[in-house]
Amino acid sequence: MIFFPAIVIGAAIGWYRATKRGGNRLDKLQYAGSHAILFAILGLFATIIYHRMT
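Summarised in this report is the structure supplied together with it.

**Considerations on the environment of Ala-11**
Then step 1. Tracing the backbone through its elements, the reader meets Ala-11 in helix α1 (residues 3–20).
Then step 2. With 29 residues separating them in the primary sequence, Ala-11 and Ala-40 have C-alpha atoms 9.8 Å apart.

Below you can see the structure in the form of structure tokens.
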């Protein structure tokens, strides 16, 4: 499934972006959470499309 790795990758990207912008720990958690949600939605759609094609 594409869904679970997408969450982890999204959280890592969000954490990195907040770190690069000089955010504190709560900023990093907020960025990680919002990116994880976004990537989860994209991963869910990708999983649905993949299963419909096969």
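**What to know about α1**
Then step 1. Counted at 1.5 Å a residue, the expected span for α1 with its 18 residues is 26 Å, and the 26 Å between its end C-alpha atoms agrees.
Then step 2. Restricting attention to buried positions, one finds in α1 the residues Ala-6, Gly-10, Gly-14 and Ala-18. Buried positions in α1, seen along its axis, are confined to an arc of 95° and lie on one side of it. The exposed set on the far side of α1, more than 90 degrees from its buried face, consists of Phe-4, Val-8, Tyr-16 and Lys-20.
Then step 3. Contacts from the buried residues of α1 go to α2 (25–53).

What counts and what doesn't
- Residues numbered from 1 in each chain as written.
- Predicted model: local features only at pLDDT ≥ 70, side-chain atom pairs only at ≥ 80, totals over all residues.
- Heavy atoms only, no water.
- Helix = DSSP H or I, 4+ residues; strand = E, 2+ residues; numbered from the N terminus.
- Expected span 1.5 Å × (residues − 1).
- Buried < 20%, exposed > 50% of the residue type's maximum accessible area, 1.4 Å probe, protein only.
- Arc of directions from axis to C-beta.
- Contact = heavy atoms within 4.5 Å.

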